[in-house]
Amino acid sequence: VSHNDVLNLLRSSSSMLPAIFLNHGAGPLPFLPPPPGIQGQTSVYSDSATSEYLRALPDSLPVRPSAILVISAHWEEFVFTVSTSSAPEMIFDYYGFPSEAYEVKYPASGSPELSARVQELLASARIPCKTDAARGLDHGVFVPLLLAFPAAEIPVVSLSLQGDLDPAKHWAVGEALRPLREEGVLILGSGMSFHNIPAFQRNSRGGFSAGSPSRDAPALGAAFEDALVDAITHEDPEERKRRVLEWRSMPKASLCHPREDHLAPLFVVAGAGGVSQPGEQVFQDTVLGSAVSGFQFRG
């Protein structure tokens, strides 16, 4: 089988990889077991729906990725920046968790080839892009990958957000990177569709670390989540884009995202998702009393 045969297979609508926005959860909790004494399924630990979804993610893909590009909410730079390390190290950018949260390893290699391809595509779209040879894997990268691809056999490259978090600029980056999906690259946006830590703490019975679900009350941010789902799944591509870029007009937007760093990866993924098909809501849960969703784009 020739290389061109492989590319032609990947370019078919049935086997081209999707672009996915996922919720990476609360720090390291998605891979940690619930503490003793917690009754029932939690919304944040390894027994949560988030963790179950991430573990099942590979089976939902049409082909095994040749590489993974992650846009994490936990990396911002003045301009878009791509990691170039061939052996990225762990970045434990969370605090106050049990010791085992700092002992985990995710020894995936980097991919200088993918890093160069990202630079090439962004340059073709006249989008400035820098490189970072020292950047490792922050928890927005390694936590979901540890659950979805635990063998760490697929090369991983990270792409930063731009610090202004401008939705249109991030959408344009996604549009420029869409060809990667035809080249065997899985594009993951790692954030949260609801991200307000004080609200998480107030709305969760038992506190942030306990992770007790609060399912007996309406989920905080449900109106925003409904509007976001409606925007992502809208049939008209121009209207879909307009609604997503104007996300601040959605109900309770500033409550759900006092700062949009955890929503910005969605802008990139939606841009990479193409226009031929609307996005799909592929995950929904109530996490620490707040509504969250995951999305997939196959256009």
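Here goes a summary of the coordinates provided. Predicted model, so just to flag it, every value in this text is computed and none were measured.

A word on the packing of aromatic side chains. Overall, the coordinates contain eight aromatic pairs when judged by the stated rule. Judged by centre distance (5.6 Å) and plane angle (80°), the rings of Y94 and F97 are edge-to-face. The buried category is assigned to Y94, whose relative accessible area is 4%. What makes F97 partly exposed here is its relative accessible area of 22%. Feature note: the residues F92, Y94, F97, Y102 and F142 constitute an aromatic cluster, connected by ring pairs.

By the burial criterion, the buried members of helix α2 (residues 49-56) are A49, T50, S51, Y53 and L54. Packed against the buried residues of α2 are β1 (19-23), α4 (139-148) and β7 (280-287).

Turning our eyes to something else, we now look at the packing of helix α7 (residues 222-232) against helix α8 (residues 237-245). Where α7 contacts α8, the two axes come as close as 8 Å, and the packing angle between them is 150°. Judged by the inter-axis angle, α7 sits roughly antiparallel to α8. Together, D230, A231 and I232 of α7 and R240, R243 and V244 of α8 make up the contact between the two elements. A breakdown of the residues in the contact of α7 with α8 according to their chemical character gives three nonpolar, no polar and three charged.

Following both chains from N to C, one finds helix α5 (residues 167-177) and helix α10 (residues 264-272) inclined at 40°, their axes separated by 6 Å at the closest point. Between α5 and α10, the angle is such that the two are oblique. You can see that α5 and α10 cross each other, and the crossing is right-handed. Residue-level inspection shows P167, H170, W171, V173, G174 and E175 of α5 in contact with α10, the latter providing A264, F267, V268, A270, G271 and A272. Here the residues of the contact of α5 with α10 are counted per class, giving eight nonpolar, three polar and one charged.

On to the layout of surface pockets. Reported here for the second largest pocket is a volume of approximately 160 Å³. For the second largest pocket, the lining is made up of 14 residues, of which W171, E175, A270, G274 and V275 are closest to its centre. Of all the elements in the fold, those that place two or more residues in the lining of the second largest pocket are α5, α8 and α10. By residue number, the principal contributor to the lining of the second largest pocket is α8, which donates five residues. Of the residues assigned to the lining of the second largest pocket, the class counts are seven nonpolar, two polar and five charged.

About the criteria used
- Residues numbered from 1 in each chain as written.
- Predicted model: local features only at pLDDT ≥ 70, side-chain atom pairs only at ≥ 80, totals over all residues.
- Heavy atoms only, no water.
- Phe/Tyr/Trp six-rings, centres within 6.5 Å; stacked < 30°, edge-to-face > 60°.
- Buried < 20%, exposed > 50% of the residue type's maximum accessible area, 1.4 Å probe, protein only.
- Helix = DSSP H or I, 4+ residues; strand = E, 2+ residues; numbered from the N terminus.
- Contact = heavy atoms within 4.5 Å.
- Axes fitted to C-alpha atoms, helices over the stretch in contact; angles between N-to-C directions.
- Parallel < 35°, antiparallel > 145°, perpendicular 65-115°, else oblique.
- Nonpolar A, V, L, I, M, F, W, Y, C, P; charged D, E, K, R; others polar.
- Left-handed = near helix turned anticlockwise from the far one by under 90°.
- 1 Å grid on protein atoms, 1.4 Å probe; cavity = no way out; pocket = protein on both sides within 12 Å on 5 of 7 lines; lining within 4 Å.
- Points joined across faces, edges and corners; volume = space filled by probe spheres on them.

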